Amino acid sequence: MHHPILRTTHNTVLSLATVVLIAACSGGEKYDADTAAAAATPAPAPAAPAAPAVTDPQIAAIVVAANNADIEGGRVAAAKSKNAKVKQFAQQMITDHGGVNKAATALVTKLGVTPEENAASRQQTQAGEEARASMKTMTGAAFDRAYMANEVTYHQGLLDAIDKTLIPSAQNAELKALLEQTRPVVVQHLKSAQDIQASLGNG
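If you're wondering where the values come from, they're calculated on a predicted model, not measured in any experiment.

Thresholds applied
Residues numbered from 1 in each chain as written. Predicted model: local features only at pLDDT ≥ 70, side-chain atom pairs only at ≥ 80, totals over all residues. Heavy atoms only, no water. 1 Å grid on protein atoms, 1.4 Å probe; cavity = no way out; pocket = protein on both sides within 12 Å on 5 of 7 lines; lining within 4 Å. Points joined across faces, edges and corners; volume = space filled by probe spheres on them. Helix = DSSP H or I, 4+ residues; strand = E, 2+ residues; numbered from the N terminus. Nonpolar A, V, L, I, M, F, W, Y, C, P; charged D, E, K, R; others polar. Salt bridge = Lys/Arg side-chain N within 4 Å of Asp/Glu carboxyl O. Buried < 20%, exposed > 50% of the residue type's maximum accessible area, 1.4 Å probe, protein only. Core = buried A, V, L, I, M, F, W, Y, C linked by side-chain atoms within 4.5 Å. Contact = heavy atoms within 4.5 Å. Polar contact = N/O pair within 3.5 Å; in protein donor to acceptor, adjacent residues only side chain to side chain.

Bringing the layout of surface pockets into the picture now. Taken as a whole, the largest pocket holds about 370 Å³ of empty space. Lining the largest pocket we find 22 residues, and of these Q123, Q124, A127, G128 and Y154 sit closest to its centre. Residue assignment for the lining of the largest pocket shows that the elements contributing at least two residues are helix 3 (56–80), helix 5 (119–135) and helix 6 (140–169). Of all the elements, helix 6 adds the most residues to the lining of the largest pocket, at ten residues. Along the lines of polarity and charge, the residues of the lining of the largest pocket split into eleven nonpolar, eight polar and three charged.

Written as structure tokens, this is what we have:
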């Protein structure tokens, strides 16, 4: 959106340019009305910046939903898995994503922002519920492989969302900072999930 003062200045400059052109052509030469009209025509205004893909209240809801989905998945894995690495990873997800949720909740409370449910936050919740429902029917190595495959997919998707949507769309500096601080944690989780997934093999 252009500031009215800047637009006024722009038009004034164009008007002055037209006056100079007329003065230059008035020394006994025929005045070209088409040329003057072209000079007086303002250049097309640049496009306004694109609106954020999601608002800060929506980002808050997405963050909480994403963390809750992985916390609940971690609880299932911590209870069902017999693999020490998988159980340890699951417990770390409960702890780390719980910590992010606490920080996010404290921040939105401080800012007076109410998280706003949206398509992305609902999708996070639904995907988590579907994954848990599927994994609850599994046991042993099959469960471990399914859980770790889901964790790789989940963290890659979360990282993409942080980079492509959440950080670019965040308007509040503190919310953006929280997302930027969370990103390295998500990267580490993804790497750990990939390593454990590789160690489990394809069965």
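As enumerated under the stated definition, the model contains four salt bridges in all. A salt bridge links R75 to E72; the shortest N-O distance between them is 2.6 Å. Of this pair, R75 and E72 both sit in helix 3, separated by three residues, roughly a single helical turn. Here R75 falls in the partly exposed class, since its relative accessible area comes to 46%. Across the pair K191 and D195 runs a salt bridge, and its minimum N-O distance is 2.8 Å. With K191 and D195 both in helix 7 (residues 173–200) and four residues apart, this pair spans about one turn of that helix. A relative accessible area of 43% means that K191 is categorised as partly exposed.

All right, on to empty space enclosed by the protein then. Tallied over the entire structure, the rule returns three cavities of 30 Å³ or more. Here the largest cavity is characterised by a volume of approximately 90 Å³. In terms of lining, the largest cavity is formed by V63, A66, N67, H97, V100, L158, I162, L166, L179, T182 and V186. Only helix 3, helix 4 (84–111), helix 6 and helix 7 provide two or more residues apiece to the lining of the largest cavity. Across the lining of the largest cavity, the residue classes tally to eight nonpolar, three polar and no charged. Its volume calculated, the second largest cavity comes out at about 50 Å³. Around the second largest cavity, the lining residues are D56, A60, L107, V108, L111, V113, N172 and L175.

Note that soluble globular proteins tend to have their nonpolar side chains buried in a common cluster. Counting residues in hydrophobic clusters, the biggest one holds 34 residues, and the most contacted among them are I59, F89, Y147, M148, L166 and L179. Those elements giving two or more residues to this core turn out to be helix 3, helix 4, helix 5, helix 6 and helix 7. Among the elements that make up this core, the one with the highest residue count is helix 6 (ten residues). If sequence neighbours within four positions are ignored, L166 has contacts with V54, I59, I62, A161 and L179.

Okay, the environment of A60 next. Structurally, the position occupied by A60 is in helix 3. Along the sequence, A60 and E117 sit 57 residues apart, while their C-alpha atoms lie 8.8 Å from each other. Every residue in contact with A60, bar those within four places of it in the chain, is listed here: V108 and P115.

A few words on the environment of S169. Relative to the helices and strands, S169 resides in helix 6. The spatial distance from the C-alpha of S169 to the C-alpha of A53 is 6.0 Å, given a sequence separation of 116 residues. Here A53 takes part through its backbone nitrogen, which lies 3.2 Å from a polar atom of the side chain of S169.

Relative to the helices and strands, T182 is located in helix 7. On the accessibility criterion, T182 (13% relative accessible area) is buried. Among the polar contacts made by the side chain of T182, one reaches the main-chain carbonyl oxygen of L178 at a distance of 2.8 Å.

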